[in-house]
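# Remarks on the overall topology
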Amino acid sequence: MFRHPVRRALPALVLCVALLGGAVACGDDNGSGSSSASTSPSSTSSTQAQKYAKTKFVANASLAAGAIYQWIVKPYRDGRFAKGADGRTFTLVKAGLAGAFAYNRLQAAVNNAKGDELLAKAVAPLTAGIDSLKNLGTKIRDGDASATDINAFQDVIDDVKKAGQDAGVKVTEKVPNLSQLGGG
């Protein structure tokens, strides 16, 4: 009667012991048992920080540009937002998610730009335009978006691309997958 629960618990116990043993084995060589991960990381140089800032800016801005084009601009131009269009509801939901995703990635790109002096100066005037996109995702998802709203997304992306180009980086459209849009 008691054998069955013990058989279920035995693999979990073995796994816990193995994980605990591995954690103890990761201690430093002086026998103190503290992990080397607790030592302070080496700082990156200013040049590396700027390089990473530009790289992160390009990645985030490219994802925003791709999401806006793929799931907002292109379906709008194809008439898939129009009342009675096939798959309109799903298209609007994807566009709403893409709008929220793009706003989030553009905010991250602006934060990344702060790590590079030239990029920060180029992107600074765009913050108001990016902030204006905040609620457009919901407006699109609800089916209340107009051509002006769609163009606002495209205009901001064009401005971000130009700012990146002025700072010496190229922002291209990189389409995120649906799981990235949903935050998963």
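Predicted, not measured: the structure shown is a model, and the values here were computed from it.

### Focus on the overall build of the protein
Scanning the protein from N- to C-terminus turns up 8 helices and 0 strands. Taken from N to C terminus, the helices and strands of the protein fall in the order α-α-α-α-α-α-α-α. Within the protein, residue pairs in contact and separated by at least 24 positions form 74% of the contacts whose partners lie at least 6 positions apart. Surface summary for the protein: the accessible area is close to 11500 Å², and the carbon and sulfur share equals 56%.

### Details of the side chain of Gln154
Its location among the elements puts Gln154 in helix H7 (residues 147-166). Filtering out sequence-adjacent residues up to four positions away, Gln154 remains in contact with Ile68 and Val73.

### Notes on the confidence of the model for the protein
Looking at the protein, pLDDT values average 79 and 71% of them are 70 or higher. Ignoring residues within four places in sequence, the model shows residues 13-44, a span with pLDDT below 50, making 8 contacts including any to other chains.

### Thoughts on the nonpolar core
Membership of the largest hydrophobic core comes to 39 residues, with the highest contact counts inside it found for Phe57, Ile72, Leu106, Ile130, Ile140 and Val160. Of all the secondary structure elements, the ones that give two or more residues to this core are helix H2 (46-77), helix H3 (88-113), helix H4 (117-123), helix H6 (136-141) and H7. Counting residues per element, this core draws most heavily on H2, at 11 residues. Here Val160 is in contact with Phe57, Ala61, Leu106, Leu126 and Ile130, once residues within four sequence places are set aside.

### Topic: the side chain of Asn112
Considering the arrangement of structural elements, one finds Asn112 in helix H3. Setting aside residues no more than four positions away along its own chain, Asn112 makes contact with Ala53, Lys56, Phe57 and Asn60.

### Quick word on the pattern of salt bridges
For the structure on display, the rule yields 4 salt bridges. A salt bridge links Lys121 to Glu117, with the shortest nitrogen-to-oxygen separation between them at 3.8 Å. Residue Lys121 and its partner Glu117 are located together in helix H4, separated by 4 residues, close to a single helical turn. Judged on exposure class, the residue Lys121 and its partner Glu117 are both exposed. A salt bridge links Asp149 to Lys139, with the nearest nitrogen and oxygen atoms 3.2 Å apart. Residue Asp149 is found in helix H7, and its partner Lys139 is found in helix H6; the two are separated by 10 residues along the sequence. With a relative accessible area of 10%, Asp149 lands in the buried category.

### A word on the environment of Ala102
For Ala102, the location among the structural elements is in helix H3. Looking at Ala102, the relative accessible area reads 0%, which means it is buried. The spacing of Ala102 and Gly137 is 35 residues in sequence and 8.8 Å in space, taken between C-alpha atoms.

### Structural notes on H7
Here H7 is 20 residues long and its end C-alpha atoms lie 28 Å apart, about the 28 Å a rise of 1.5 Å per residue gives. Along H7, the residues classified as buried are Asp149, Ile150, Phe153, Gln154, Val156, Ile157, Val160, Ala163 and Gly164. Among the residues trailing H7, Gly168 stands out with phi positive, at a value near 90 degrees.

### Regarding the environment of Lys114
Relative to the elements of secondary structure, Lys114 occurs in the loop between H3 and H4. Between the C-alpha atoms of Lys114 and Ala53, which are 61 residues apart in sequence, the distance is 7.5 Å.

### Observations concerning the environment of Ser179
Its place among the elements puts Ser179 in helix H8 (residues 178-181). Among the polar contacts made by the side chain of Ser179, one reaches the side chain of Asn177 at a distance of 2.7 Å.

What counts, and at which threshold
Residues numbered from 1 in each chain as written. Predicted model: local features only at pLDDT ≥ 70, side-chain atom pairs only at ≥ 80, totals over all residues. Heavy atoms only, no water. Helix = DSSP H or I, 4+ residues; strand = E, 2+ residues; numbered from the N terminus. Contact = heavy atoms within 4.5 Å. Areas by Shrake-Rupley, 256 points an atom, 1.4 Å probe, with all protein chains shown as cover. pLDDT = per-residue confidence, 0-100. Core = buried A, V, L, I, M, F, W, Y, C linked by side-chain atoms within 4.5 Å. Buried < 20%, exposed > 50% of the residue type's maximum accessible area, 1.4 Å probe, protein only. Salt bridge = Lys/Arg side-chain N within 4 Å of Asp/Glu carboxyl O. Expected span 1.5 Å × (residues − 1). Polar contact = N/O pair within 3.5 Å; in protein donor to acceptor, adjacent residues only side chain to side chain.

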